[in-house]
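Observations on the model geometry
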Amino acid sequence: MGNILKQKERGSLVIISGPSGAGKDTVVSGYIKKHKNAWVSISCTSRDMRPGDKEGRDYYFISKEEFERKIEAGDFLEYALYNGNYYGTPKEHIEEHLQSGEDVILVIEVQGALKVKEIVPEAICIFIMPPSMKELRKRLVGRKTETKDKILSRFKRAYQEINEVANYNYVVINDEVKNAVEKMSAILLSEKCRVDRIEAVFLDNAEEEIHELLMDQEFDNSEITLEKE
Ligand code: ADP
Ligand code: 5GP
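This text gives an overview of the structure that appears in the document. (Residues numbered from 1 in each chain as written. Chains lettered and ligands numbered in written order. Predicted model: local features only at pLDDT ≥ 70, side-chain atom pairs only at ≥ 80, totals over all residues. Heavy atoms only, no water.)

**Brief notes about the site of ligand 2**
Close to ligand 2 lie 16 residues; Ser43, Tyr59, Tyr87, Glu109 and Arg154 are nearest. Between ligand 2 and arginine 47, the relevant distance is 2.7 Å, taken from an oxygen atom to a side-chain nitrogen or oxygen of the residue. Separating an oxygen atom of ligand 2 from a backbone N or O atom of threonine 89 is a distance of 3.2 Å. Protein contact buries 96% of the 520 Å² of open area that ligand 2 shows by itself. Those elements that place two or more of their residues in the shell around ligand 2 are strand E6 (76-82) and strand E7 (85-90). The class makeup of the residues in the shell around ligand 2 is six nonpolar, four polar and six charged. (Near = heavy atom within 4 Å. Polar contact = N/O pair within 3.5 Å; in protein donor to acceptor, adjacent residues only side chain to side chain. Areas by Shrake-Rupley, 256 points an atom, 1.4 Å probe, with all protein chains shown as cover. Helix = DSSP H or I, 4+ residues; strand = E, 2+ residues; numbered from the N terminus. Nonpolar A, V, L, I, M, F, W, Y, C, P; charged D, E, K, R; others polar.)

**As for the pairing of strand E8 (residues 103-107)**
Among the five residues in E8, four count as buried, and that is most of the element. Sheet topology places strand E3 (residues 38-40) next to E8; three bridges connect them, and they run parallel. What sits directly across from valine 40, in E8, is isoleucine 105. (Buried < 20%, exposed > 50% of the residue type's maximum accessible area, 1.4 Å probe, protein only. Pairing = 2+ DSSP bridges.)

**With respect to the site of ligand 1**
The environment of ligand 1 is formed by 15 residues, the closest being Gly21, Lys24, Thr26, Arg143 and Asn174. In this structure, lysine 24 approaches ligand 1 through a main-chain N or O atom, which is 2.8 Å from an oxygen atom. Aspartate 175 is positioned such that a nitrogen or oxygen atom in its backbone is 3.0 Å from a nitrogen atom of ligand 1. Protein contact buries 76% of the 570 Å² of open area that ligand 1 shows by itself. For the shell around ligand 1, the element with the highest residue contribution is helix H1 (residues 24-34), accounting for three residues. Here the residues of the shell around ligand 1 sort into three nonpolar, five polar and seven charged.

**What about the sheet that holds strand E4 (residues 44-45)?**
Pairing is mixed in the open sheet, where four strands are placed in the order E5-E4-E7-E6. The sheet is open, and its two borders are formed by strand E5 (60-61) and E6, each paired with just one other strand. Pairing of E4 with E5 involves two bridges; the strand directions are parallel. The partner of threonine 45 across the bridge, within E5, is phenylalanine 61. Sheet strands touched by helix H2 (residues 64-72): E4, E6 and E7. Its angle to E7, the strand with the most contacts, is close to 40 degrees. (Contact = heavy atoms within 4.5 Å. Axes fitted to C-alpha atoms, helices over the stretch in contact; angles between N-to-C directions.)

**With respect to the sheet that holds E3**
Read from one edge of the open sheet, five strands run E3-E8-E2-E9-E10, paired in parallel fashion. With partners counted over all chains shown, the strands left at the sheet margins are E3 and strand E10 (170-173), one partner each. Neighbouring strand axes in the sheet, compared pairwise and without regard to direction, differ in orientation by 25 degrees on average. Inspection of the sheet shows strand E2 (residues 13-17) paired to strand E9 (residues 124-129) by four bridges, in the parallel sense. Counted as the bridge partner of isoleucine 15 is cysteine 125 from E9. Relative to E10, helix H7 (residues 177-192) is tilted by about 160 degrees, and along the sheet it contacts E2, E8, E9 and E10.

Now the structure itself:
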């Protein structure tokens, strides 16, 4: 006599979006430190490397021409143009990680998120929201990775992106990193308890099982007191 339920072992596809500077990478790396059973996909981009960026850790940095060749070859699950540069999620490796039971996390902007949701409707979409636009500006400037022009275009775009929040399943306000990581953990944990992750229920011979369980030697039936109703 074994488990009552067989639940899906396959990992979930998790999409993280939010305006630039909201803290997506910070929250995801906080999550990954606490949860080993997740894998963060590394995107390709045609944007220039920023101070602190590392090839193969933050992105695969490729030229626009190479990116376009990869589009033609069908190498991307999705891709989008953002602030004049291409960003795309390589298809390769996603399926093997999902099959091995790991959650696959894509940190992508809103157009790409909508495309993935069309292909994988069960993807879990989480929007990371800054506590205020003033705080967003502070974080974008404080990161010291971009020129004033780039900060301005990312900040402008943030207003459009925030309007897309209704397309997501969850919103996490990133006030304190610790709180945001806890909320992300709670969301992904509760997603594992969804009833639609049940693949089979093993209770087909109830009569026989009830009899067997009550006749079990280990079952101390002296504890049973019979009361007349
Ligand atoms: P994104 O990936 O959304 O562009 P980052 O993770 O790079 O954002 O964060 C932008 C900046 O804000 C970084 O300098 C990061 O250290 C800082 N940051 C992230 N979350 C918080 C937070 N909760 N409170 C204060 N600063 C934060
Ligand atoms: P950044 O230049 O700040 O690293 O990224 C700019 C935006 O592109 C962020 O919102 C980031 O999440 C998004 N992004 C990163 N990789 C991908 C990707 O593969 N596809 C899409 N659609 N967006 C991405």
